Amino acid sequence: MGKAFRVSITPESILSSVVLLTEQRSQKHLEDCLAATLAELAHLPFCGICTPMPTANGIFIDWAAIRSRDGGDPPDELQEIGGDPLLLDCMALGTERSEVLADGSIRRAHPVVDDRGKVCAFLVTRTAPGQEEPAALIKGFVAIYRNYLTILWDAARDTLTGLKNRKTFDENFSAIVADSRHIDVSFNGNRREAHLDGQHHWLGIIDIDRFKRINDTYGHVFGDEVLLLLSALMRKAFRSEDKLFRFGGEEFVVLLAPTTFAAAQAVFERFRATVAGFAFPEVGRITVSVGYVRIDCDDKPSVVIGNADRALYYAKGHGRDQVRSFEQLVAEGELPFECPSLAKAKLF
């Protein structure tokens with residue numbers, strides 16, 4: 001092995017890089033910028049950021065950003081963490097881990113730990129053969145990444161419940177629609193004729209029945225406690241890969257990761273029953289109504305939300321405390337497919 005070489009890094013270049021990073025306003029842009037900036041600043045042949053995604057079938061790795069001298073974009077498909085022993089070891093121990101490759105270069109995984117003590121991301125670097133690792137520089141950028149992620153996460157959370165807030169919905173929805181293009185769906189442009197076989201993304205709107213009465217009767221302090229407890233029940237009822245939002249007031253939105261119609265119906269129904277059987281302090285029993293709809297690759301957020309909303313209002317107008325599917329209501333002739341312009345008044 002040849003003599004190790006050093007990379008010349010000036011304080012001015014570091015400061016410029018930090019300024020560039022802190023100009024980013026989304027996690028995706030932050031990760032792209034960090035991988036590109038660190039790779040260029042430290043002359044690394046590889047720098048990438050990936051996140052662990054726990055699912056019912058194990059933990060998968062999703063590459064969010066990659067900068068490589070060999071070129072190439074992040075892989076489209078998720079990879080099992082077991083296929084990368086370095087990341088598996090880093091995840092298990094929660095500390096940085098490294099391996100020496102055959103050519104003498106060093107591949108290192110740096111864990112990014114969130115405010116709950118869980119590894120939420122990895123920064124993966126590789127040096128050139130004989131290159132001295134700029135360890136302090138990389139650790140500094142990992143710390144900046146972690147701190148700035150916390151700021152972005154706080155801005156994306158509902159301050160009361162801790163769920164994602166409405167302003168983050170469009171970005172999440174677009175990513176899910178992009179992912180749904182890889183799913184083989186049986187849909188020919190006409191929901192009335194489409195059947196619901198296979199796996200799809202689903203969007204459900206959950207609304208607390210007669211919530212205004214709760215606030216009027218018990219006060220907003222107990223109303224807020226109901227919202228907090230409901231959000232906790234949501235976290236337990238849905239999978240970690242599902243996305244949970246509070247849209248404001250007593251309305252919540254769930255974006256289900258790909259699953260079947262039967263499974264979507266079952267999870268929403270199970271959640272409805274859980275809420276109905278839960279004793280809320282002082283308030284006692286409450287119920288929720290749910291309307292949900294399948295997401296197709298050509299759908300717009302306004303259309304999906306509108307159709308789920310129509311199913312929700314059907315549920316509230318036909319007894320409340322129930323789960324209704326937009327597709328089934330259309331198939332049964334209970335809802336016209338074409339969305340009329342309706343002035344809807346909430347049923348409290």
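These numbers were taken from a predicted model, which means no experiment stands behind them.

K.L.:
How should the sheet that holds strand β11 (residues 288-295) be read in this particular structure?
P.N.:
Strands pair in a sheet through their backbones, by hydrogen bonds, and they do so in one of two ways: parallel or antiparallel. The strand order across the open sheet built from six strands is β7-β9-β10-β8-β11-β12, with neighbouring strands paired in mixed fashion. Here the strands that pair on one side only, and so sit at the sheet edges, are β7 (164-165) and β12 (323-325). Bridge count for β11 against β12 is three bridges, and the pairing is parallel. In the strand pairing of β12, glycine 291 is matched with arginine 324. Lying over the sheet, helix α8 (residues 261-276) contacts β8 (200-208), β10 (251-259), β11 and β12, oriented at roughly 165° with respect to β11.

K.L.:
Where do I start with the side chain of glutamate 327 in this structure?
P.N.:
For glutamate 327, the position within the fold is in helix α10 (residues 326-331). The exposure class of glutamate 327 is buried, given its relative accessible area of 4%. At 3.3 Å, the side chain of glutamate 327 and the backbone nitrogen of arginine 294 are in polar contact.

K.L.:
How do you make sense of the sheet that holds strand β4 (residues 97-100) when you look at a structure like this?
P.N.:
The strand order across the open sheet built from six strands is β3-β2-β1-β6-β5-β4, with neighbouring strands paired in antiparallel fashion. Among the strands making up the open sheet, the edge pair consists of β3 (79-80) and β4. Both strand β2 (residues 58-68) and β3 contribute to a ladder of two bridges, which runs antiparallel. Its bridge partner lying in β3, phenylalanine 60 is registered against glutamate 80. Relative to strand β5 (residues 106-113), helix α3 (residues 85-93) is tilted by about 35°, and along the sheet it contacts β1 (46-55), β2, β4, β5 and β6 (119-126). Sitting on the sheet, helix α4 (residues 135-156) is in contact with β1, β5 and β6, with an inclination near 30° to β5.

K.L.:
So what exactly am I meant to see when it comes to the packing of helix α1 (residues 11-21) against α4 here?
P.N.:
Two elements in contact, α1 and α4, have axes separated by 11 Å at closest approach and are oriented at 20°. Viewed along their axes, α1 and α4 adopt a mutual orientation that is roughly parallel. Crossing of α1 against α4: the hand is right-handed. Taken together, the residues of α4 that come into contact with α1 (itself represented by Ile14, Ser17, Val18 and Leu21) are Leu137, Phe141, Ile144 and Tyr148. Its residues placed into classes, the contact of α1 with α4 shows seven nonpolar, one polar and no charged.

K.L.:
In this structure, what is going on with unusual backbone geometry? I would like to understand it.
P.N.:
Glycine aside, negative phi is the norm for most residues, and most peptide bonds take the trans geometry. Located in the positive-phi region is arginine 320, a residue other than glycine, with phi close to 60°. Within the secondary structure, arginine 320 sits in the loop between α9 (301-317) and β12. Since its relative accessible area comes to 15%, arginine 320 is described here as buried. Here the phi dihedral of aspartate 321 falls at roughly 50°; this positive angle occurs in a residue that is not glycine. On the secondary structure map, aspartate 321 appears in the loop between α9 and β12.

Criteria and cut-off values
Residues numbered from 1 in each chain as written. Predicted model: local features only at pLDDT ≥ 70, side-chain atom pairs only at ≥ 80, totals over all residues. Heavy atoms only, no water. Pairing = 2+ DSSP bridges. Helix = DSSP H or I, 4+ residues; strand = E, 2+ residues; numbered from the N terminus. Contact = heavy atoms within 4.5 Å. Axes fitted to C-alpha atoms, helices over the stretch in contact; angles between N-to-C directions. Buried < 20%, exposed > 50% of the residue type's maximum accessible area, 1.4 Å probe, protein only. Polar contact = N/O pair within 3.5 Å; in protein donor to acceptor, adjacent residues only side chain to side chain. Parallel < 35°, antiparallel > 145°, perpendicular 65-115°, else oblique. Left-handed = near helix turned anticlockwise from the far one by under 90°. Nonpolar A, V, L, I, M, F, W, Y, C, P; charged D, E, K, R; others polar.

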